Amino acid sequence: MNIKTKNGGAIALLVGVGLLAGLMIGAFAAAWQQAGTDGDGSGDGRNGGWGRILGLGGGRDKISYTMSLIENLYVDPISADSLVESVIPLILEELDPHSVYIPAADLAEVSEPLEGEFDGIGVTFNMVTDTVVVLNVIRYGPSEKAGVQNGDRIIRIDDSLVAGRNIPQDQIVRRLRGPRGTQVKLGVERQGASGLVPITVERGVIPIKALDAAFMIAPEVGFVKLSAFSRMSGNELQKALSELVEQGMRSLIFDLRGNGGGYLGQATEIVNMFLPKDELIVYTEDRNGKQERMYSNGRGGFTEIPLVVLIDEGSASSSEILAGAIQDNDRGMIVGRRSFGKGLVQREIPYPDGSAVRLTVARYYTPSGRSIQKPYDHGSEEYRMDIYNRFSHNEMFSADSIRQDSVTYYTRGGRVMHGGGGIMPDYFVPVDTVGITPYYQRVNGRNLIYLFVREWADRHRARVNSVATVADLDALLGGSPRLVDDFVAYAARNGVAPDYKQIAISREVIDARLKALIGNNTALEYNGYYAKIYVIDSTILKALDVLKDGMPTGPAGALGMTMTGLSGQAN
């Protein structure tokens, strides 16, 4: 990489391309009219006349000069705006993997998952065999008020046929969403109804929930799954944890796997729930060595509850800040695999046209001084291939294969840590391939498990729609002892012949996935999914073991928390 943020040129260059070019073009045109030639009568620039007129200096002027030349002299008319839109991403790519340009048309969509709401009709759906199937209708939302039901197939949207036309899912989303107060007409196919059911839905504000799941996974053990650090994540988590305490929670499994991050303020707010007062959460350091340190305020309500945080290679940014704060302060244990390694701080800087640049302005460090950011010296392409390289280096299956730097860091209690990018878990859990047979890969590759669940849910729609608690889900599935056998017969009818030896090996995995997807088709959504999938989730099972055995004690007496009441089978 030949352009670095520390030389100051890149930041100014962004301004130069977007603003200075416009000013220079005007100056160039005026000077051209006055001078007429390059000073040698040729007008071809060989004598550097225009360069002298424009007072060319360093790289910033050179870019602006080139832009003015193209707009005024290039043989074909060309829009300077289109050139700018192409050039800025190339400049940012030379800086680091996370400095990005966001065009005005994309900014709202990019920011939406973190803003906490959008305007729409209030359903979750999936595309199965080219048909929009409503998985869940958001409670009290516009679609529930209009009469849309779980299991409905949306065949028409505003008099346009959308079923069987291979319309991409993102286009379906755009047709369903729209400004609040506007209406969308749906034609839905519903079991037991003849013909299409016409429904008109008035769009409204739909909350985006970052908290996927929160339920009691075992006696006295709560489980929460956070998918992003959005604007309302702290409020969602606070409410969920308070409810779990009322249900008897005495320890917590906090799942951040696949959580790519979000707002730093939400990460620090959530860490505050668990740390006592005046503990360092994270600090940032900019190009000039200036540090900003963030400390806990001591007002959290869960500072003594035994805590296990789950991470993996998809946990990034704010997830790593939280995991690092918990680990370095010896507040809890980290279980899973090495996190992604994104420790660069971006600041969003808007342009007048509604676009924006997210520019890296500092680095994150854990309380012990570890840099979260993994190396990117060999370019963006290798950086993007990092997860693949982890597989090829066997890191996903063996902790001994993880490459760490030699610098030693220490937690508050004296435990040894190493940097090198990302957060290393206290307990490593490899990728689990148990039960993955060729038979399972065939049925999974053809999406037969999901298709079977869709048909099963339709056949039992009244009972599926009545599920309100995990206990209700247990009762529903307890009456289906032949679920795997019924699936095997279904798969055979759809082109995958049974291999009973392989089925016996994969039976537990198939059973768990069937039940989890059925749970996801109920009003429980992800609560129902995780309540049934965790029995084959080796990372969650390891977390339960850690809590059951009691938190280990560190060299300085840290983590001396014990957990009782975990005997017996988790349900």
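Scroll up for the structure.
Note that the structure is a prediction, hence the values are computed from the model and not measured.

Remarks on the overall build of the protein
Helix and strand counts for the protein come out as 20 helices and 21 strands. For the protein, buried positions account for 48% of its 571 residues. With an accessible surface of roughly 26,800 Å², the protein has 50% of that area assigned to carbon and sulfur atoms.

Digging into the sheet that holds strand 12 (residues 251-255)
Spatial ordering of the open sheet is given by 10-11-12-15-16-21, a layout of 6 strands whose pairing is mixed. Edge positions in the open sheet fall to strand 10 (211-218) and strand 21 (427-428), since each of these has one partner strand only.

Description of the pairing of strand 17 (residues 344-350)
The sheet contact formed by strand 17 and strand 18 (residues 356-365) spans 7 bridges and is antiparallel. Among the inter-strand pairings, Pro350 is bridged to a residue of strand 18, identified as Ala356. The hairpin turn running from strand 17 into strand 18, its antiparallel successor, is 5 residues long, and Gly354 in that turn takes a positive phi close to 95°.

As for the packing of aromatic side chains
Here the structure, examined in full by the defined rule, presents 10 aromatic pairs. Relative to Tyr530, the ring of Phe223 lies with its centre 5.5 Å away and its plane at 40°, an arrangement referred to as tilted. A residue pair is termed long-range when its members are at least 10 positions apart, and Phe223 in strand 11 (residues 221-226) and Tyr530 in helix 19 (residues 526-533) qualify at 307 residues. On the accessibility criterion, Tyr530 (12% relative accessible area) is buried. A centroid spacing of 6.3 Å and a plane angle of 80° characterise the contact between Tyr526 and Tyr529, whose relative ring orientation is edge-to-face.

Re the nonpolar core
Leu241, Phe254, Ile270, Phe274, Val309 and Leu322 are the most contacted members of the largest nonpolar core, which has 38 residues in total. Among the elements that make up this core, the one with the highest residue count is helix 10 (residues 318-328) (5 residues). Dropping the residues within four chain positions of it, Leu241 is found in contact with Val224, Met249, Leu252, Met273, Phe274 and Phe302. Counting residues in each nonpolar core, the second largest holds 29 residues, with Val453, Ala457, Leu483 and Ala491 among its members.

So, helix 19
The element helix 19 is extensively covered by neighbouring structure, given that 6 of its 8 residues are classed as buried. If you check which residues of helix 19 are buried, you get Asn527, Gly528, Tyr530, Ala531, Lys532 and Ile533. Where helix 19 is buried, its residues contact strand 10, strand 11, strand 12, helix 16 (470-478) and helix 18 (500-520).

Observations regarding the packing of helix 8 (residues 233-246) against helix 9 (residues 264-272)
Between helix 8 and helix 9, the shortest axis-to-axis distance is 9 Å and the interhelical angle comes to 25°. Relative to helix 9, the element helix 8 lies roughly parallel. You can see that helix 8 and helix 9 cross each other, and the crossing is right-handed. Packed against helix 8, whose contacting residues are Ser233, Gly234, Asn235 and Leu237, the element helix 9 presents Gln266, Glu269 and Ile270 at the interface. Across the contact of helix 8 with helix 9, the residue classes break down as 2 nonpolar, 4 polar and 1 charged.

Thoughts on empty space enclosed by the protein
The rolling of a water-molecule-sized probe over the atoms marks out the regions of remaining empty space. Scanning all chains against the criterion turns up 2 cavities of 30 Å³ or more. Size it by volume and the largest cavity reaches roughly 50 Å³. Residue lining of the largest cavity: Val133, Leu135, Gly151, Arg153, Tyr450, Val453, Arg454, Asp458, Arg461 and Asn521, and that is the complete set. Every element with two or more residues in the lining of the largest cavity is listed here: strand 4 (131-137) and helix 14 (448-459). Element by element, the count of residues in the lining of the largest cavity is highest for helix 14, at 4 residues.

Quick notes on the pattern of salt bridges
Under the counting rule described, the total for this entry stands at 21 salt bridges. The closest approach of N and O atoms between Arg370 and Asp328, which form a salt bridge, is 2.5 Å. In this pair, Arg370 sits in the loop between strand 18 and helix 11 (380-384) while Asp328 sits in helix 10, placing the two residues 42 residues apart along the sequence. Both residues of the pair, Arg370 and Asp328, count as buried. When the shortest N-O distance is used, the salt bridge between Asp474 and Lys532 registers 2.4 Å. Note that Asp474 is positioned in helix 16 and Lys532 in helix 19, a separation of 58 residues in sequence. Assessed through its relative accessible area of 32%, Asp474 is described here as partly exposed. The class for Lys532 is buried, based on a relative accessible area of 17%.

With respect to the side chain of Glu320
Following the sequence through the fold, Glu320 ends up in helix 10. The side chain of Glu320 is buried and forms no salt bridge, while Arg390, the nearest opposite charge, is found at 6.6 Å. A distance of 2.7 Å separates a polar side-chain atom of Glu320 from the backbone nitrogen of Ser317. Those residues in contact with Glu320, other than ones at most four positions away along the chain, are Ser315, Ser339, Phe340, Gly341, Lys342, Ile372, Gly422 and Ile423.

Overview of the environment of Gly204
The topology assignment puts Gly204 in strand 9 (residues 204-207). Exposure remark for Gly204: the relative accessible area of 13% places this residue in the buried category. A sequence separation of 23 residues divides Gly204 from Gly181, and the C-alpha atoms of the two residues are 6.2 Å apart. Here Gly204 is in contact with Phe118, Asp119, Gly120, Pro142 and Arg180, once residues within four sequence places are set aside.

Description of helix 13 (residues 438-445)
Among the residues of helix 13, those classed as buried are Tyr439, Tyr440 and Val443. Buried residues in helix 13, looked at end-on, bunch into an arc of 95°, giving them a common side. Contact partners of the buried residues in helix 13: helix 14, helix 17 (483-493) and helix 18. Residue Asn447 follows helix 13 closely and has a positive phi angle near 65°.

Examining a negative patch on the surface
There is a patch of like negative charges on the surface, built from Glu71, Asp81, Glu85 and Asp353. Turning to its location among the elements, Asp353 is positioned in the loop between strand 17 and strand 18.

Comments concerning the side chain of Arg338
If you trace the backbone, Arg338 turns up in the loop between strand 16 (333-336) and strand 17. On the basis of relative accessibility, which here comes to 8%, the residue Arg338 falls in the buried class. Ignoring anything within four residues of it in the chain, the contact list for Arg338 reads Asp312, Glu313, Arg390, Glu395, Ile402, Gly420, Gly421, Ile423, Met424 and Pro425.

Scoring rules and cut-offs
Along every chain, residues carry numbers that run from 1 in the direction the sequence is written. The predicted origin of the model limits local features to residues at a pLDDT of at least 70 and limits the giving and counting of side-chain atom pairs to 80 or more, whereas totals for whole chains, interfaces and linings rest on all residues. To get the side-chain values, all heavy atoms of the structure are used, and hydrogens and water are removed first. Each helix is a run of DSSP H or I of at least 4 residues and each strand a run of E of at least 2, with the numbering of both proceeding from the N terminus. Relative accessibility thresholds used throughout: buried, under 20% of the residue-type maximum; exposed, over 50%; partly exposed, between the two (1.4 Å probe, protein chains only). Using a 1.4 Å probe, the Shrake-Rupley method yields the accessible areas, and only the shown protein chains count as cover for residues. For two strands to pair, DSSP has to find at least two bridges joining them. Only Phe, Tyr and Trp rings take part, Trp by its six-membered ring, and two of them pair if their centres are within 6.5 Å. Stacked means planes under 30 degrees apart, edge-to-face means over 60, and tilted covers everything else. Joining through side-chain atoms within 4.5 Å is the link that ties buried Ala, Val, Leu, Ile, Met, Phe, Trp, Tyr and Cys residues into a set, and such a set is a nonpolar core. The contact rule is simple, with two residues in contact once any of their heavy atoms fall within 4.5 Å. Here an axis means a line fitted to C-alpha atoms, over the contact stretch when the element is a helix, while the angle between two N-to-C directions is reported on a 0 to 180 degree scale. Note on angle classes: values under 35 degrees are labelled roughly parallel, values over 145 roughly antiparallel, values of 65 to 115 roughly perpendicular, and the remainder oblique. Crossing chirality is assigned from the near helix's rotation relative to the far helix, an anticlockwise turn below a right angle marking it left-handed and a clockwise turn marking it right-handed. Residue polarity is assigned by list, with Asp, Glu, Lys and Arg as charged and Ala, Val, Leu, Ile, Met, Phe, Trp, Tyr, Cys and Pro as nonpolar; anything else, Gly included, falls into the polar class. Buriedness of a pocket was judged along seven lines, with at least five required to meet protein on both sides within 12 Å; pockets are open sets of points on a 1 Å grid over the protein atoms alone, cavities are sets where a 1.4 Å probe fits but cannot get out, and lining residues have an atom within 4 Å of a point. Grid points are joined across faces, edges and corners, and a volume is the space filled by probe spheres set on the points. Within this document, salt bridges are pairs made up of a side-chain nitrogen of Lys or Arg and a carboxyl oxygen of Asp or Glu, the two lying within 4 Å of each other. Note that His is not counted, nor are the chain ends; the positive residues are Lys and Arg, and the negative ones are Asp and Glu. Polar contact is defined as a pair of N or O atoms within 3.5 Å, subject to the rule that within protein one atom must be able to donate a hydrogen and the other to accept it, and that residues adjacent in sequence are counted only when both atoms are side-chain atoms. Regarding the arc, it is the one traced by the directions from the helix axis to the C-beta atoms. A patch consists of residues exposed above 30% relative accessible area that lack any salt bridge, with like charges linked at up to 9 Å and nonpolar side chains (Val, Leu, Ile, Met, Phe, Trp, Tyr) linked at up to 5 Å. Throughout, a charge is located at the NZ atom of Lys, the CZ atom of Arg, the CG atom of Asp or the CD atom of Glu.

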